[in-house]
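Now for the letters of each chain:
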Amino acid sequence: VATSFASAVDKRLACFAPVYGAGYLYEDSKWTGLNDKVLINGLSGSDLKEWIKYYDPSSYLTFDVKPTLFVAGINDNCFSVKNRQKSARLVKGKKFFAQHSDLGHGHWYTKTPEIYEFFQHVLFGKEITIIDGVTVSGGVATLRYTNKRFDAVKFVYTTSKDEDSHKWEFISETVEPINGVYSYTLPIDTVAFAFEVYHSDISPYCVFSTEIYLNKQ
């Protein structure tokens, strides 16, 4: 959250990597109804608008014009998958993602080496795989990428029907390439999905990814 604030106000910095934080805290986060941990409940009208203006990352990320890497566990129990994607769309700079299917909520610096790789890329020009997103055609999702430097790809998806995205359960499937193309047929009733790209030569934990694509907003 603090990194999101800095991305808007400190233009001396070259890039940012917010770890699991996101904006729109007032819509869906651990802090919208946890009794003694409530930050937002009870605010309404002009009070809530003022809180959002000064304290919610969504008011700051729109001024982020630098490369930004969003790092998180896909099923993080504190910040919503939906709100992270909405937050990322606010950023004007180039967006990168490292959203793991097996990363818990915490400052797991030993399990997020892609942050270092990202900084090396932006600051010193180190070549990394650039994830260009996903193309969906005929119910088949295909990973788009530039500069192959990875050794494994997984497709992660959920068909969970719960409106609370914190309770979504994701399934991970290994994707085998066909002529260098990584595609996966979307299961029936897919609600959200992403591709994870593994760089085991760097670390067994080094995972860049696509954004989380939401079939149901």
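Above: the structure in question.
Please read these numbers as outputs of a predicted model, since none were measured by experiment.

Criteria and cut-off values
- Residues numbered from 1 in each chain as written.
- Predicted model: local features only at pLDDT ≥ 70, side-chain atom pairs only at ≥ 80, totals over all residues.
- Heavy atoms only, no water.
- Helix = DSSP H or I, 4+ residues; strand = E, 2+ residues; numbered from the N terminus.
- Rg over C-alpha atoms; globule rule 2.2 N^0.38 Å.
- Contact = heavy atoms within 4.5 Å.
- Areas by Shrake-Rupley, 256 points an atom, 1.4 Å probe, with all protein chains shown as cover.
- Salt bridge = Lys/Arg side-chain N within 4 Å of Asp/Glu carboxyl O.
- Buried < 20%, exposed > 50% of the residue type's maximum accessible area, 1.4 Å probe, protein only.
- Pairing = 2+ DSSP bridges.
- Axes fitted to C-alpha atoms, helices over the stretch in contact; angles between N-to-C directions.

Undergrad: Residue-level account of the overall build of the protein chain, with values.
TA: Counting its secondary structure elements, the protein chain contains four helices and ten strands. Along the protein chain, helices and strands appear, N-terminal first, in the series α-α-β-α-β-α-β-β-β-β-β-β-β-β. Taking 2.2 N^0.38 as the reference for a compact globule, 217 residues should give roughly 17 Å; the C-alpha atoms of the protein chain span a radius of gyration of 17 Å, in line with that estimate. Taking the principal axes of its C-alpha atoms as reference, the protein chain extends roughly 55 × 45 × 30 Å. For the protein chain, the proportion of contacts with a sequence separation of at least 24, taken over those separated by at least 6, is 67%. Entry remark: accessible area of the protein chain is about 11000 Å², with carbon and sulfur atoms responsible for 53%.

Undergrad: Give a detailed account of the pattern of salt bridges, specifying residues and quantitative values.
TA: In this structure the tally under the stated criterion is five salt bridges. Its salt-bridge partner being Glu117, residue Lys126 comes within 2.6 Å of it at the nearest N-O pair. Here Glu127 makes a salt bridge to Arg149, at a shortest N to O gap of 2.6 Å. Of this pair, Glu127 sits in the loop between helix 4 (114-124) and strand 3 (130-137) while Arg149 is found in the loop between strand 4 (140-146) and strand 5 (152-158), placing the two residues 22 residues apart along the sequence. Look at Arg149 and you get partly exposed, because its relative accessible area is 40%.

Undergrad: Give me the sheet that holds strand 7 (residues 183-185): which residues, what numbers.
TA: As summarised here, the arrangement of the three strands in space is 3-4-7, forming an open sheet in which the pairing is antiparallel. Strands with a single pairing partner mark the edges of an open sheet, and in this sheet they are strand 3 and strand 7. This sheet shows a mean twist of 20° between the axes of neighbouring strands, independent of strand direction. Bridging between strand 3 and strand 4 involves seven bridges; their strand directions are antiparallel. Along strand 4, the bridge assignment pairs Gly133 with Arg144.

Undergrad: So what's going on with unusual backbone geometry? Which residues, and what values?
TA: Excluding glycine, residues mostly have negative phi values, and the peptide bonds linking residues are mostly trans. Its identity is not glycine, yet Tyr24 carries a phi of approximately 60°, on the positive side. Along the chain, Tyr24 turns up in the loop between helix 1 (2-9) and helix 2 (45-55). One non-glycine residue with positive phi stands out, namely Asn147, at about 70°. By the element assignment, Asn147 lies in the loop between strand 4 and strand 5.

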